[in-house]
Amino acid sequence: MRRFCTRCGHPDDDAARFCGQCGAPMKIKAPATPVAVRPWLNRRRVAGIAVALLVAGGAATWALLPQSASEAVFAAAIDQSLAADRVAQRRTVCLGNFDYSRSPVNTSRFDSATNNWLAELVKAGLYQPPRELNGGLFSQFQYVQTETGRAAVRDGRLCVADGLRVEAVTAFTPPETLNGVLVTEASVRYRLDRPAVWLSEPIRRELFHGESGPGGKVALARIDGKWKVASASERQALSQALFIRELGAAGVDLAREEVQRRGLVAAVIHWFQQLLPSR
């Protein structure tokens, strides 16, 4: 065993008891004991890496699988389509029943419909209370927009929210293949996206023609394994495929009867209109 100086660490292979460099006592130092390798630790690490790779591979495979048809999948696809065109969405939540770009607005005292509507807007804080002009039988009421009212007007329309979001997909038709594409039609109920704090129930019902909220039907197609809202061109192609299929199913006799009764062009237009989804 080698000796080392206890002060300066100088090694010495002979049996000297004191360091030849500084004179300090020498001390025997045993060689370091090799640390035993723990094979189970390596196996655990390898197993962990293998599991991580399997999970990652499974997630990638799952992401590539075609989406199944469900209310949740369709709601997400419709919401994504709504978010992609915010300008169009804002137009759907703006009232055009009045020229809101005009201020002040003068109305006849006998125009009860306009005065009743403006009274609702006064309650909402969009117009100041009216003041009477002229007096007498031909007096008028003058309404002036508030700052809140001016901020809500876009292109002469009164906008009550930022757009629409899907509240729920309530039903959908069984998916079927048309023109090589899996398609369905979903019934959707919407809600307002970030509605204005001043929005009252009468204003909401005026916007939605007496209903408390909007709804409708949306055509969806599964493209590259993912469900999405069908574009206008895709809807047209699918409608044509449906027309051809239904025309064949109806039989040649019925088609001939329609052509004889309406004429060729009118018969085709009639069939096409019957097959278009109602909006």
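Details of the structure are given in the entry above.
Anyway, here's the lowdown on the structure attached to this text. Note that the coordinates shown come from a computational prediction; the quantities given were computed from them, not determined experimentally. (Residues numbered from 1 in each chain as written. Predicted model: local features only at pLDDT ≥ 70, side-chain atom pairs only at ≥ 80, totals over all residues. Heavy atoms only, no water.)

Remarks on helix α4 (residues 112–123)
Working step 1: With 12 residues, α4 extends 16 Å from end C-alpha to end C-alpha; this agrees with the ideal 16 Å at 1.5 Å per step.
Working step 2: Within the span of α4, buried status applies to Asn-115, Trp-117, Leu-118, Glu-120 and Leu-121.
Working step 3: Those residues of α4 hidden inside the fold are in contact with β4 (94–95), β5 (105–108), β7 (140–143), β9 (157–159) and α6 (201–207).
Working step 4: In the stretch just after α4, Gly-125 is the one whose phi turns positive, near 85 degrees. (Helix = DSSP H or I, 4+ residues; strand = E, 2+ residues; numbered from the N terminus. Expected span 1.5 Å × (residues − 1). Buried < 20%, exposed > 50% of the residue type's maximum accessible area, 1.4 Å probe, protein only. Contact = heavy atoms within 4.5 Å.)

So, the sheet that holds strand β6 (residues 131–133)
Working step 1: In space, the 3 strands of this open sheet follow the order β5-β7-β6, with antiparallel pairing throughout. Because the sheet does not close on itself, it has two edges, and the strands there are β5 and β6. Going across the sheet, the axis of each strand differs from the next one's by a mean of 35 degrees, ignoring polarity.
Working step 2: Of the strand pairs in this sheet, β5 and β7 are connected by 4 bridges, and their pairing is antiparallel. Note on β7: the bridge partner recorded for Thr-107 is Phe-141.
Working step 3: Contacts from α4 reach β5 and β7 within the one sheet, and its direction differs from that of β5 by about 140 degrees. (Pairing = 2+ DSSP bridges. Axes fitted to C-alpha atoms, helices over the stretch in contact; angles between N-to-C directions.)

Points about the sheet that holds β9
Working step 1: Reading across from one edge, β4-β9-β8 is the order of the 3 strands in this open sheet, with antiparallel pairing throughout. For this open sheet the edge positions go to β4 and β8 (153–154), each flanked by a neighbour on one side alone.

A closer look at the packing of aromatic side chains
Working step 1: Per the stated rule, a full pass over the model turns up 3 aromatic pairs.
Working step 2: Between Phe-74 and Trp-227, the aromatic rings sit 5.1 Å apart at their centres with planes inclined by 85 degrees, giving edge-to-face as the arrangement. Placement of the pair is Phe-74 in helix α2 (residues 71–84) and Trp-227 in strand β14 (residues 226–229), with a sequence separation of 153 residues. The same class applies to Phe-74 as to Trp-227, namely buried.
Working step 3: Every member of this aromatic cluster is reached through a ring pair, and the members are Phe-74, Phe-172 and Trp-227. (Phe/Tyr/Trp six-rings, centres within 6.5 Å; stacked < 30°, edge-to-face > 60°.)

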